[in-house]
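The primary structure of each chain is shown beneath.
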Amino acid sequence: MSAETPAVPGRDEHYLRVIRRNFRAWRGERPFWAGLFVILGGLPIAYFPYANLQIGHLTLAMATTAGAGSLIIGVLLVVLGVSLWFQKHVRTFAGVAAILLGLVSLPVSNLGGFLIGFLLALVGGAMAVSWAPGEPQEPQPVAAPEATAEQYDAPAGALQAEPDAENDLSGTSPANGANGRHSAG
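Keep in mind that this is a model prediction, so the values were computed, not measured.

What counts as what
Residues numbered from 1 in each chain as written. Predicted model: local features only at pLDDT ≥ 70, side-chain atom pairs only at ≥ 80, totals over all residues. Heavy atoms only, no water. Axes fitted to C-alpha atoms, helices over the stretch in contact; angles between N-to-C directions. Helix = DSSP H or I, 4+ residues; strand = E, 2+ residues; numbered from the N terminus. Parallel < 35°, antiparallel > 145°, perpendicular 65-115°, else oblique. Left-handed = near helix turned anticlockwise from the far one by under 90°. Contact = heavy atoms within 4.5 Å. Core = buried A, V, L, I, M, F, W, Y, C linked by side-chain atoms within 4.5 Å. Buried < 20%, exposed > 50% of the residue type's maximum accessible area, 1.4 Å probe, protein only. Salt bridge = Lys/Arg side-chain N within 4 Å of Asp/Glu carboxyl O. Polar contact = N/O pair within 3.5 Å; in protein donor to acceptor, adjacent residues only side chain to side chain. Pairing = 2+ DSSP bridges. Patch = residues over 30% accessible without salt bridge, like charges linked within 9 Å, V, L, I, M, F, W, Y side chains within 5 Å. Areas by Shrake-Rupley, 256 points an atom, 1.4 Å probe, with all protein chains shown as cover.

1. Thoughts on the packing of helix H2 (residues 32-47) against helix H6 (residues 116-130)
(1) Moving on: Viewed as axis vectors pointing N to C, H2 and H6 meet at an angle of 160°, and their least axial separation amounts to 7 Å. The pairing of H2 with H6 is recorded here as roughly antiparallel in orientation. Seen along the crossing, H2 lies across H6 with a hand that is left-handed. On H6, the residues touching Trp 33, Ala 34, Phe 37, Val 38, Leu 40, Gly 41, Pro 44 and Ile 45 of H2 are Ile 116, Gly 117, Phe 118, Leu 120, Ala 121, Gly 124, Gly 125, Met 127 and Ala 128.

2. Topic: the nonpolar core
One recurring pattern in soluble globular proteins is that nonpolar side chains are buried together.
(1) Moving on: Grouped together as the largest cluster of nonpolar side chains are 13 residues, with contacts concentrated most on Val 38, Ile 73, Leu 77, Leu 80, Leu 84, Ala 98 and Leu 101.
(2) Moving on: At the level of elements, H2, helix H3 (67-86), helix H4 (91-108) and H6 are the ones that each hand at least two residues to this core.
(3) Moving on: Not counting chain neighbours up to four residues away, the residues in contact with Leu 80 comprise Val 38, Phe 93, Ala 94, Ala 97, Ala 98 and Leu 101.

3. Remarks on the pattern of salt bridges
(1) Moving on: For the structure shown, the criterion picks out one salt bridge.
(2) Moving on: Glu 29 is the salt-bridge partner of Arg 30, the closest N and O atoms lying 3.7 Å from each other.
(3) Moving on: Judged by relative accessible area, which is 11%, Arg 30 ranks as buried.
(4) Moving on: Taking the relative accessible area as the measure of exposure, Glu 29 reaches 43% and is therefore partly exposed.

4. Quick notes on the side chain of Arg 30
(1) Moving on: In this structure, Arg 30 sits in the loop between helix H1 (15-28) and H2.
(2) Moving on: Polar side-chain contacts of Arg 30 include one of 2.9 Å to the backbone oxygen of Trp 26.
(3) Moving on: Those residues in contact with Arg 30 that sit more than four places away from it in its chain are Leu 84, Trp 85, Phe 86, Lys 88 and Trp 131.

5. Quick look at the pairing of strand E1 (residues 52-55)
Each regular strand carries side chains that alternate between the two faces of the sheet.
(1) Moving on: Sheet analysis places E1 next to strand E2 (residues 58-61), joined by four bridges and oriented antiparallel. Bridging from a neighbouring strand, Leu 53 pairs with Leu 60 of E2.
(2) Moving on: Linking E1 to E2, which pair antiparallel, is a turn of two residues; within it Gly 56 sits at a positive phi near 65°.

6. A word on the packing of H2 against H3
(1) Moving on: Running from N to C, H2 and H3 point in directions that differ by 165°, and their axes come no closer than 7 Å. Classified by the angle between their axes, H2 and H3 sit roughly antiparallel to one another. Relative to H3, the crossing made by H2 is left-handed. Across from Phe 32, Ala 34, Gly 35, Leu 36, Val 38, Ile 39, Gly 41, Gly 42, Leu 43, Ile 45 and Ala 46 in H2, the residues of H3 making contact are Ser 70, Leu 71, Ile 73, Gly 74, Leu 77, Val 78, Leu 80, Gly 81, Val 82, Leu 84 and Trp 85.

7. A short note on a nonpolar patch on the surface
(1) Moving on: Taken together, the side chains of Tyr 50, Leu 71, Val 75 and Val 79 define a hydrophobic patch exposed on the protein surface, amounting to about 370 Å² of accessible area.
(2) Moving on: By the secondary structure assignment, Leu 71 is in helix H3.

8. Description of the environment of Leu 119
(1) Moving on: One can find Leu 119 in helix H6.
(2) Moving on: You can call Leu 119 partly exposed: its relative accessible area is 48%.
(3) Moving on: Each C-alpha atom, one on Leu 119 and one on Leu 103, is 9.3 Å from the other, the two residues being 16 residues apart in sequence.

In structure tokens:
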């Protein structure tokens, strides 16, 4: 293989580059970041009520009477985040549900996982509701070659009006000699 031979995409590339390109294409077709924020919001909400913090010989337990409610809210947020990744058509429902679950986590789960899970769930839910699928790119039409003076049967030094010159309302067409450069004063 010589230096001038171009690499064939997908075959002659490193496998990590191919995986990265495929992941980037997959990520671009769905509300990926919204799902990630919702998942990350569900983790502290579910974790903190069951966490035991060790400070020296002191054990600090964050357990509340609503520990089961915190676990349910956290697991539901994680499921909603995963559903945003794999079923993008439920983005509005999942976004509104994530916002509502984040709000419910304030009184139920230690201020929504000490406001960390609450804020992540709200931001992820808002991103999911506002996400819209992109329009597929249409192929660009091939531009026609520019017309020359010979095509209009005009003398070589004469200015010719474009076919749309009568629709030009700006007064800066080449037909009247004003191209907009010195028209301000």
